[in-house]
Amino acid sequence: MPPTLASLVHHSALKLTVRAGEGRLDTPVRWAHASELADPVPYMEGGELLLITALKLDAEDPEAMRRYVKRLAGAGVVGLGFAVGVHYPDIPQALLDAATDADLPLIEVPRRTPFLAISKAVSASIAAEQYRAVTAGFAAQRELTKQALSDGPEGLLLALAGQVDGWAALYDASGAVVATAPEWASRRAARLTSDVERLRERPAPASSVVAGAEDRVELHSLGTGRRPRAALAVGTAAALGTAERYAVHSAVALLTLTTERSRSLHAAEQRIGAAVLRMLLAGEPDHARTVAGDLYGGLLDAPFRLVVAEVASASAARVRAGAEGAVPEADAPEEAALPAAVVLAAAGATGTDPLAALVDVVEAAAARSGEALLVVPYGERLVLLAVDGGAGVRACAEYAAALEAGRGAAPREATASGEEAELVMGLSAPAGPIAAASAYKQAEQALSVARRRGRALVEHEELAAGSVLPLLADDAVRAFADGLLRALHEHDATGRGDLVASLRAWLSRHGQWDAAAADLGVHRHTLRYRMRRVEEILGRSLDDPDVRMELWLSLKATSMGSD
């Protein structure tokens, strides 16, 4: 405890006597200061015991003393020490009455007690308190270190909660709660997700205070990089004291060391993962399994999914999506059903690297469920190999839904060309190690469709369930169609026959002359003549199925462009 007026009064060597304000002797004393100024208030900071002899005061004037004492109390002076036997044989009644009325402790200092002795007593008590706080802090550090080494972050949190007489919580890179101590604090910690997300937007180290009705919470970012790797929350009933502050700082240091060590291990694991992926794509599953060992071996024992992600131009995606038609709302999960940490991470990704934000969310989800996850940067892309139906795949889908729900609501990161950037992902069908190369190609195909349609995520299984016709809206396909049919359109423009309409009718009837001629309202011999003219003009045979396919798709592409 810091020194108080009571501890000074009880100091046997000082021989002090309380004359007024007996009920406020438990007030802490920050310093003892002697001043004979008529108005020492400008030089006070609050918390001082002011020592006077009334050399320049009219201590017997009641009005002057009331003003003097009122000024001292208003400045935060905690007590007034009056030396008797110097200028006044006893404390003047005017000063005693003023102190009593203001309830300001007034202490009589005997002549044989120098002010210096009181200042030394206060200084020694403050130094002793600081020493006790430092000693307690070192003891807390030793205990926290012991718990961290034996029981990991969970043990450290439990010890920290006991040190501060409150609760503690650890958050991962996505802002989700990883562990709390005691367990009852999990609900309180979950309500701070948005505050943790705001803290993560600031470079580490960073901290903030959240004052609530039930407690006071300090948030500290963990990590040394530009993006914090985790966060620590400490909740207490009141502001932290010196010893508690040492304990919190020790916990931050220990947890930061843990996260940085984890980052080094993660980098090594990522290099192994890259080698495993290259072997899988090269058709060497046995070698890949040997290299994966216990680290990724379990991931290759069950069906997995490949996710290929990249950052695409948002403006180009919107143009393509508009050309192909809007994606139905029913295709995306409802935003209200998404985990809060995923929604917040997707919102925060608008100002950070979208691929890094995706990795944070998926890795956190896999870690919470105890799943293996392979994450490999692959050129400008990111490749993820995750358990089919597991938390990693679900996190990708939830993150994509949150991105699509938030697009247009906030500015995005820019690509190197200065355009807005959007994260797009392609998800393969379930596969095993032998079919990894095929799964990668499926993910690439789904990624291409996601990029064209302005979607955040497309599964390869969706492609077979849809129609090929929307793909004909591509500008290159339309240019091919226009070039292939241009000669027929030029022929029809001269009024020498409707070859384009005749070709469309004939192809739609699968080459059945009578049915196609009936649709056109002409004789079948007329239709046969027109088809021979089509062959002559195009220089292609309609007996070739590839030619018929190209002509039919060209007719569909040009009709879509004219709608």
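You'll find the structure just up there.
Conventions adopted
Residues numbered from 1 in each chain as written. Predicted model: local features only at pLDDT ≥ 70, side-chain atom pairs only at ≥ 80, totals over all residues. Heavy atoms only, no water. Axes fitted to C-alpha atoms, helices over the stretch in contact; angles between N-to-C directions. Helix = DSSP H or I, 4+ residues; strand = E, 2+ residues; numbered from the N terminus. Parallel < 35°, antiparallel > 145°, perpendicular 65-115°, else oblique. Left-handed = near helix turned anticlockwise from the far one by under 90°. Contact = heavy atoms within 4.5 Å. Buried < 20%, exposed > 50% of the residue type's maximum accessible area, 1.4 Å probe, protein only. Expected span 1.5 Å × (residues − 1). Core = buried A, V, L, I, M, F, W, Y, C linked by side-chain atoms within 4.5 Å. Salt bridge = Lys/Arg side-chain N within 4 Å of Asp/Glu carboxyl O.

Enquirer: Would you take a moment to explain the packing of helix H16 (residues 499-508) against helix H17 (residues 513-520) for this structure?
Expert: Describing two packed helices takes the angle between their axes plus the distance from one axis to the other. Contact pair H16 / H17: the axes reach a minimum separation of 8 Å and the direction vectors enclose 135 degrees. Between H16 and H17, the interaxial angle falls into the category oblique. Seen along the crossing, H16 lies across H17 with a hand that is right-handed. Together, Ala501, Ser502, Ala505 and Trp506 of H16 and Trp513, Ala516 and Leu520 of H17 make up the contact between the two elements.

Enquirer: Is there a simple way to think about unusual backbone geometry in this case?
Expert: Among all residues save glycine, negative phi is the norm, and among peptide bonds the norm is trans. Cis geometry is found at the peptide bond from alanine 181 to proline 182, where omega equals -10 degrees. Residue placement: proline 182 occurs in the loop between strand E7 (177-181) and helix H5 (186-190). Positive phi, close to 60 degrees, is recorded for lysine 15, a residue that is not glycine. Here lysine 15 lies in the loop between helix H1 (5-9) and strand E1 (17-20). Overall, lysine 15 belongs to the partly exposed group, its relative accessible area being 47%.

Enquirer: I keep staring at helix H13 (residues 436-453) and nothing clicks. Help me out?
Expert: Given 3.6 residues to a turn, an α-helix orients residues that are three or four positions apart in the same direction. For H13, spanning 18 residues, the distance from its first C-alpha to its last is 26 Å, which sits close to the expected 26 Å at 1.5 Å a residue. Within H13 the residues assigned to the buried category are Ala436, Ala439, Tyr440, Ala443, Ala446, Leu447, Val449, Ala450 and Arg452.

Enquirer: So what exactly am I meant to see when it comes to the nonpolar core here?
Expert: In globular proteins that are soluble, nonpolar side chains generally tend to be buried together. Within the largest apolar cluster, 28 residues are counted, with the highest numbers of intra-cluster contacts made by Val276, Leu280, Leu306, Leu374 and Leu385. Elements represented by at least two residues in this core include exactly helix H7 (242-281), helix H8 (285-296), strand E11 (304-313), strand E12 (373-378), strand E13 (381-387) and H13. Excluding anything up to four places from it in sequence, leucine 306 contacts Leu277, Val383, Leu384, Leu385, Gly426, Leu427, Ser428, Ala436, Ala439, Tyr440 and Ala443. Judged by nonpolar contacts, the second largest core, of 27 residues, contains Ala365, Val375, Cys396 and Met425.

Enquirer: Got a minute to help me understand the pattern of salt bridges in this structure?
Expert: Pairs can form between side chains of opposite charge whenever their charged atoms are close. One pass over the structure, following the stated rule, counts 25 salt bridges. Linking glutamate 45 and arginine 30 is a salt bridge whose minimum nitrogen-to-oxygen distance equals 3.6 Å. You can see glutamate 45 sitting in the loop between strand E2 (31-34) and strand E3 (48-52) and its partner arginine 30 sitting in the loop between E1 and E2, a full 15 residues away along the chain. The partner of glutamate 129 in a salt bridge is arginine 132, and the shortest N-O contact between them spans 2.8 Å. One end of the pair, glutamate 129, and the other, arginine 132, are both in helix H4 (residues 115-164), three residues apart, so they sit about a helical turn from each other. Since its relative accessible area comes to 42%, arginine 132 is described here as partly exposed. The network of salt bridges with common partners includes Arg188, Arg191, Glu214 and Asp215.

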